[in-house]
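The primary structure of each chain is shown beneath.
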Amino acid sequence: MNGIDGSNTTLSYNAHSLPLSILTFILSTGGAINNGLLLLAIFFDPCHNLRTPSSVLVTNLAITDLLNSLIAGYGTFVFDVYKYKHWEFNQAALLAIIVSSALATVCGTCCIMLMMAERYMAVIHPFFYKVKVKRERVKFVVALTWIYSLAFNLLPIAGVNRQLYGFILCHLHVTIPALIIGIVYPRLIVIYRKRLVLGNGIPVASRHEQTGRERKFTSAILAIVICFYLSFLPYYVALNIIYFHPNRHDVVIQVFIEVCFVVLLSSNMINPIVYALRVPKYRKAIQAILGTKDAAVGSSTLTKTRTGQ
């Protein structure tokens, strides 16, 4: 980002830019539609069971994915079209695309970590979770992550080398969280199994129902984590190549980086699909918004609301 001003730069012709622009447009449109539907479902809450602490985190991740699709996604689409047509592209606009993408990535990884922390508290310390974890407190923590993300993305503007910035970003917000998740998630699985066996005086049917709901939501978060890491992995490799490779401006490397970024955009479209497939209350809410299912609220729905999922 260093040295980028408001001037226009004539972009060199690249044959790969056309297919990349088409793919970017498809992924960005899918991400915008899917996350838009999810946000509408949470906002209107047709089944009256989405006013929970975990829903705040889901909303936050959907917002970051939506912004990434609209700004970074469509911005990259326009950039690729300009590149293909050999037109001039404003460097300030390119800076906006880069910053918005980095902001969404940092904020998204922070949100995923908060989701895992929320599940950890709900499973390991359920009493503390019910008493202390409230929507207002979760909103406050989410606001802090946005402030942190904005501050982190000021590093290149403050003079930090872009290659070093990318290297720090991928390891601080990808490598370390991956190690933490690898330690935390297996413990959650062990706790679920113990609950099914012990029960703590809860009837077997209720025990299986409650544990099943918790496990579905936790598995949905794990699926989102896996999708994020799979989509980010190529870009993760690219950021490390940029940092270590002496000839980082090689055409092959540049094309690889552009392809990796398009792959990264796929997670924006996939995340809402995971919620719809794995978590019934989000699926029912989306169906109600689309008019394919009645938003009837039964006693079972109210029971699920009280679980804090």
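Please read all numbers here as calculations on a predicted model, not as lab measurements. (Residues numbered from 1 in each chain as written. Predicted model: local features only at pLDDT ≥ 70, side-chain atom pairs only at ≥ 80, totals over all residues. Heavy atoms only, no water.)

Chemist: Outline helix 8 (residues 251-278), listing residues and values.
Modeler: Here helix 8 is 28 residues long and its end C-alpha atoms lie 41 Å apart, about the 40 Å a rise of 1.5 Å per residue gives. Taking the largest bend as the criterion, helix 8 deviates by roughly 30°, centred on Ile270, and proline Pro272 comes between one and four positions later. (Helix = DSSP H or I, 4+ residues; strand = E, 2+ residues; numbered from the N terminus. Expected span 1.5 Å × (residues − 1). Bend = angle between axes of the 7 residues up to and from the residue.)

Chemist: With reference to specific residues and values, describe the UniProt feature "transmembrane region" (unreviewed entry) in the protein chain.
Modeler: When the UniProt feature table is mapped onto this chain, "transmembrane region" (unreviewed entry) is found at residues 20-44, 56-79, 91-117, 138-158, 164-185, 217-239 and 251-277. Structurally, residues 20-44 comprises 100% helix and 0% strand, and the distance from its first C-alpha atom to its last is 36 Å. (UniProt positions renumbered as here; feature names shortened; annotations may be inferred.)

Chemist: So, the pattern of salt bridges: which residues are in play, and what are the values?
Modeler: For the coordinates displayed, the defined rule picks out 3 salt bridges. Taking the shortest distance from any N to any O, the salt bridge between Asp45 and Arg51 comes out at 3.9 Å. For Asp45, a relative accessible area of 5% puts it in the buried group. Across the salt bridge formed by Lys83 and Glu258, the nearest N and O atoms sit 2.3 Å from each other. Here Glu258 lies in helix 8 and Lys83 lies in helix 2 (residues 53-85), a separation of 175 residues in the sequence. For Lys83, a relative accessible area of 10% puts it in the buried group. What makes Glu258 buried here is its relative accessible area of 16%. (Salt bridge = Lys/Arg side-chain N within 4 Å of Asp/Glu carboxyl O. Buried < 20%, exposed > 50% of the residue type's maximum accessible area, 1.4 Å probe, protein only.)

Chemist: Explain the environment of Cys170 to me, using residue names and the numbers behind them.
Modeler: Relative to the elements of secondary structure, Cys170 occurs in helix 6 (residues 162-198). For the pair Cys170 and Tyr235, spaced 65 residues apart in the sequence, the C-alpha separation amounts to 8.8 Å. Setting aside residues up to four positions removed in sequence, Cys170 forms contacts with Thr175, Phe232, Tyr236, Leu239 and Asn240. (Contact = heavy atoms within 4.5 Å.)

Chemist: Pulling in residues and values, what's your account of the nonpolar core?
Modeler: Judged by nonpolar contacts, the single largest core of 67 residues is most densely connected at Phe232 and Tyr282. Elements that contribute at least two residues to this core include exactly helix 1 (17-44), helix 2, helix 3 (91-124), helix 5 (135-152), helix 6, helix 7 (204-244), helix 8 and helix 9 (280-290). Looking at which element gives the most residues to this core, the answer is helix 7, with 14 residues. Setting aside chain neighbours within four positions, we find Phe232 in contact with Thr105, Leu169, Cys170, Val174, Leu239 and Leu264. (Core = buried A, V, L, I, M, F, W, Y, C linked by side-chain atoms within 4.5 Å.)

Chemist: I'd like a rundown of the confidence of the model for the protein chain, residues and numbers included.
Modeler: Low-confidence regions, as indicated by low pLDDT, have predicted coordinates that should not be scrutinised in detail. Of the residues in the protein chain, 83% have a pLDDT of 70 or more, and the chain-wide mean is 83. Between residues 1-6, whose pLDDT stays under 50, and residues either more than four places distant or in other chains, the model counts 19 contacts. Across residues 297-308 the pLDDT falls below 50, and counting only partners more than four positions away or on other chains, this stretch makes 20 contacts in the model. (pLDDT = per-residue confidence, 0-100.)

Chemist: Tell me what's going on with the environment of Leu155, and back it up with residues and numbers.
Modeler: Turning to its location among the elements, Leu155 is positioned in the loop between helix 5 and helix 6. Given the relative accessible area of 27%, Leu155 is considered partly exposed. Between the C-alpha atoms of Leu155 and Tyr165, which are 10 residues apart in sequence, the distance is 7.2 Å. Setting aside chain neighbours within four positions, we find Leu155 in contact with Val160 and Tyr165.

Chemist: Give a description of unusual backbone geometry that names residues and reports values.
Modeler: With a phi angle near 55°, His48 is a residue other than glycine that sits in the positive phi range. Inspection of the secondary structure assignment puts His48 in the loop between helix 1 and helix 2. Judged by relative accessible area, His48 falls into the exposed class, the value being 52%. The backbone phi angle of His86 is positive, close to 60°, even though this residue is not glycine. One can find His86 in the loop between helix 2 and strand 2 (88-90). A relative accessible area of 44% places His86 in the partly exposed class.

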